[in-house]
Amino acid sequence: QVQLVESGGGLVQPGGSLRLSCATSGFTFSNYAMNWYRQAPGKERELVATITSGGISTNYADSVKGRFTISRDNFSNTVYLQMNSLKPEDTAMYYCNAQRWITIYWGQGTQVTVSS
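Notes on the structure in this doc start here. Position numbers for residues start from 1 in each chain and track the written sequence from start to end. Only residues with pLDDT of at least 70 are given local features in this predicted model, and only at 80 or more are side-chain atom pairs given and counted; all residues enter the totals for whole chains, interfaces and linings. For the side-chain quantities, the full set of heavy atoms in the structure was used; hydrogens and water were omitted.

### Some points on the overall build of the protein
A helix here means a DSSP run of H or I that spans at least four residues, while a strand means a run of E at least two residues long, and both kinds are numbered starting from the N terminus. Counting secondary structure elements, the protein contains 0 helices and 11 strands. Listing each helix as α and each strand as β along the protein from the N terminus yields β-β-β-β-β-β-β-β-β-β-β. In terms of overall dimensions, the protein is globule-like: its C-alpha atoms have a radius of gyration of 13 Å, near the 13 Å expected for 116 residues. Dimensions of the protein, computed from the C-alpha atoms along their principal axes, are close to 40 × 25 × 25 Å. A contact between two residues is defined here by any heavy atoms of the two lying within 4.5 Å. The long-range share in the protein, meaning contacts at least 24 apart out of those at least 6 apart in sequence, stands at 52%. As presented, the protein carries roughly 6,200 Å² of accessible surface, and 48% of it is formed by carbon and sulfur atoms. In this charge count, Lys and Arg are treated as positive and Asp and Glu as negative; neither His nor the chain ends contribute. Lysine's charge is taken at NZ, arginine's at CZ, aspartate's at CG and glutamate's at CD. Here the protein holds 9 positive side-chain charges and 7 negative ones, and the gap between their average locations is 3 Å. The quantity called the radius of gyration is restricted to C-alpha atoms. Its globule counterpart is 2.2 Å times the number of residues to the power 0.38. Each accessible area is a Shrake-Rupley estimate made with a 1.4 Å probe; only the visible protein chains count as cover when residues are assessed.

Dropping the structure here:
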């Protein structure tokens with residue numbers, strides 16, 4: 001049974017930091033690229049960050065470059081998103097996603113709220 005379980009979301013003040021985790025099971029994690037998406041109320045889901053299966057290459061949305069860092073641990077089958085210098089516009093539900101060719105798995109999401 002495939003599972004992706006996000007954690008680490010919460011309420012943080014502008015300028016603060018959060019580290020999201022996505023623990024996975026039920027598939028060969030090291031074969032999959034991993035992505036973090038987010039969706040704010042009334043907006044489309046947005047790709048935030050991507051890391052290749054081996055962890056060699058990463059990519060970021062322009063809106064988070066220099067502030068967010070994606071990483072993965074292929075031993076613990078977990079992907080992370082370190083978020084620094086958070087802004088109110090980062091408020092959204094954050095989802096992790098595993099992708100290999102046409103196979104895609106999603107987590108249930110974790111809420112991040114940036115507010116004073």
